[in-house]
Amino acid sequence: WLHHAYPRECPYPHRAGTTKPVGIFEVDVAGLASEEDMKALASRRQRRSAPVHSMPWSSEEEVFAEPGASRPVGLAAVQGAVLLAAFATMALGYARTALRGATRQ
């Protein structure tokens, strides 16, 4: 909904490759509306009986990642090493606590 509330700050997302965005310095000034045209459009009376316009919606889905893509092997190895280190730290902490309790009794 922000695309409609703030169209300049948050433009409506289009499918990849369907638009050709241009930078602020690349805009053709001749194609812009004149100040008189903008004032006339702004002062034009809006119809009160106009139907509520629905938001633009497309049923097409754009997939950005391959379906069923697995995580990299290197990442799995790093996660396994971190998990092993966490369990080893936990086991050593329990062992240390158990040894302290046994020596006090």
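Scope of this entry: the structure provided in the associated data block. Computed from a predicted model, the values in this text were never measured in an experiment.

### A look at the overall build of the protein chain
- Helices and strands together make up the secondary structure of the protein chain, namely three helices and zero strands.
- In the protein chain, the succession of α and β elements from N to C terminus is α-α-α.
- Taken across its 105 residues, the protein chain has 0% of its residues classed as buried.
- For the protein chain, the accessible area works out to roughly 10700 Å², and carbon and sulfur atoms hold 61% of it.

### Here we look at the pattern of salt bridges
- Throughout the structure, instances matching the rule amount to one salt bridge.
- A salt bridge links K39 to E35; its shortest N-O distance comes to 3.4 Å. Taken as a pair, K39 and E35 lie in helix α2 (residues 35-43) at a separation of four residues, close to a single helical turn.
- The exposure class assigned to K39 is exposed, which follows from its relative accessible area of 54%.

Parameters and conventions
Along each chain, the written sequence defines residue order, and numbers are assigned to residues from 1. Whole-chain, interface and lining totals are the exception, using all residues; otherwise, since this is a predicted model, local features are given only for residues with pLDDT of at least 70 and side-chain atom pairs are given and counted only at 80 or more. Each side-chain value is worked out from all heavy atoms of the structure, with water and hydrogens disregarded. Only DSSP runs of H or I reaching four residues or more are called helices, and only runs of E reaching two or more are called strands; each is numbered from the N terminus. Partly exposed describes any residue whose relative accessible area lies between the buried limit of under 20% and the exposed limit of over 50%, with all areas from a 1.4 Å probe on protein chains only and scaled to the type maximum. For every accessible area listed, the method is Shrake-Rupley and the probe measures 1.4 Å; residues are considered covered only by the protein chains on display. By definition, a salt bridge exists where a carboxyl oxygen of Asp or Glu is found within 4 Å of a side-chain nitrogen of Lys or Arg.

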